[in-house]
Amino acid sequence: MAGDETRDGVALTNLDQPLFDGAGATKRDLVDYLDAVADRIIPVLRDRALSVIRVRPGQEPFMQKNLPKYAPEWVQSVSVWAEASRRQVTYALCNDRRTLLWFANQRAVEYHPGLFVGSHPTHLILDLDPPDGSDAFELAVRGAFLVRQALEDAGLAGAVKTSGAKGVHVFVPVAEGTGMEDLAAATRALAARAERVDPALATTAFIREDRAGKVFIDSTRAGGATVAAAYSPRVRPGAPVSFPVAWESLDQVVPADFTVHTAAGLLKDGDPWAESMPEPQRLPADLVEEGHTIPVARVQAMHEGKRRARARRTE
């Protein structure tokens, strides 16, 4: 059939179909892009429980966690206990090109790997989520620079990338043996320290109505959360890509600079995510200690939400 072909033993079908409404791209564009960046994106997916966001024709995008029963036998998997749903989930591992191509043919647009390899957390992550508006990304960048300042003050270093939406992600690789609770605590402390650098710009308020138009420094990505991988496309108008950027260039780019049409060509022969990532670092004891005094944002927000609901009922 027209629009069908085979690569690396994977049958690719309906390649000329539109990818999703507003993408300005076809399924072939997705396949070609992922194939072109396979040797960059696979290292950030390898051996990590993978969730994907798929878009079937005529349907809303949906996140797929469980590996489908119809998956080829050569797609590797890992079974992980999901605390939220209280069950074992069998996730795919995207460890090679043909698995990536198989996912692309399944119309998996976004790639969200877990933050663990085995039982070991590998990165501390802060997600800069700006308020809506024409200057959203500019505000996210300013928020990221606050995080960079907090990192430098703590003797740490991180790499930065666009989220592919309106935000920015900062990744800090951590030394093997870092405990999950300490990692989560250090993440909270760094967010709080970044907020203190410029409280008029940034906030750690988890409840949206409390953010007052500020950039939200999200410290909740530790644990079972995921984050869009470097080089992952996003289900957004224009099919943008989450793309690594040098700190000194971050305020000179916009998310639309990096799409499934342009991102592979910008890489040339390089892998800027791997090249910009510092060596794994040990978390300073004072940072961890400070973080353990800060309430967990989701838990605090849940209790506050219940308190406000009770207050409204008694008004």
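The model shown is predicted, which means the values in this text are computed figures rather than measured ones. (Residues numbered from 1 in each chain as written. Predicted model: local features only at pLDDT ≥ 70, side-chain atom pairs only at ≥ 80, totals over all residues. Heavy atoms only, no water.)

Some words on the nonpolar core
Across soluble globular proteins, nonpolar side chains have a tendency to be buried as a group.
So, point 1. Within the largest apolar cluster, 88 residues are counted, with the highest numbers of intra-cluster contacts made by Ile41, Tyr111, Leu124, Leu128, Val168 and Leu190.
So, point 2. For this core, the element with the highest residue contribution is helix H4 (residues 136–153), accounting for nine residues.
So, point 3. Each of domain 1 (16–118 + 226–276) and domain 2 (121–225 + 280–303) gives at least three residues to this core.
So, point 4. Setting aside its immediate chain neighbours within four residues, Ile41 contacts Leu34, Leu100, Ala230, Tyr231 and Ser232. (Core = buried A, V, L, I, M, F, W, Y, C linked by side-chain atoms within 4.5 Å. Buried < 20%, exposed > 50% of the residue type's maximum accessible area, 1.4 Å probe, protein only. Helix = DSSP H or I, 4+ residues; strand = E, 2+ residues; numbered from the N terminus. Domains from an automatic or database assignment. Contact = heavy atoms within 4.5 Å.)

Describing the pattern of salt bridges
So, point 1. The full count for this structure, using the stated rule, is 18 salt bridges.
So, point 2. Measuring nitrogen to oxygen at the nearest pair gives 3.3 Å for the salt bridge that ties Asp16 to Arg28. Here Asp16, found in the loop between strand E2 (10–12) and helix H1 (27–36), pairs with Arg28, found in helix H1; they are twelve residues apart in sequence, far enough to count as distant.
So, point 3. For Arg28, a relative accessible area of 24% translates into the label partly exposed.
So, point 4. Ionic pairing is found between Arg236 and Glu110, a salt bridge with its closest N-O pair at 3.7 Å. You can see Arg236 sitting in the loop between strand E14 (215–218) and helix H6 (263–267) and its partner Glu110 sitting in strand E7 (residues 108–113), a full 126 residues away along the chain.
So, point 5. Bridged by salt links that share partners, the residues Glu5, Arg7, Asp8, Asp16, Arg28, Asp32, Asp35 and Arg97 form one connected network. (Salt bridge = Lys/Arg side-chain N within 4 Å of Asp/Glu carboxyl O.)

So, unusual backbone geometry
So, point 1. Phi at Asn14 takes a positive value of approximately 50°, unusual for a residue other than glycine.
So, point 2. Here Asn14 shows up in the loop between E2 and H1.
So, point 3. The backbone of Lys268 sits at a positive phi, close to 50°, despite the residue not being glycine.
So, point 4. Relative to the elements of secondary structure, Lys268 occurs in the loop between H6 and helix H7 (272–276).

Thoughts on the environment of Ala92
So, point 1. Checked against the element boundaries, Ala92 lands in strand E6 (residues 87–93).
So, point 2. For Ala92, a relative accessible area of 1% corresponds to the buried category.
So, point 3. For the pair formed by Ala92 and Pro68, sequence separation is 24 residues and the distance between their alpha carbons is 8.9 Å.
So, point 4. Aside from chain neighbours lying at most four places away, what touches Ala92 is Arg48, Ala49, Leu50, Leu67, Val75, Gln76, Ser77 and Phe103.

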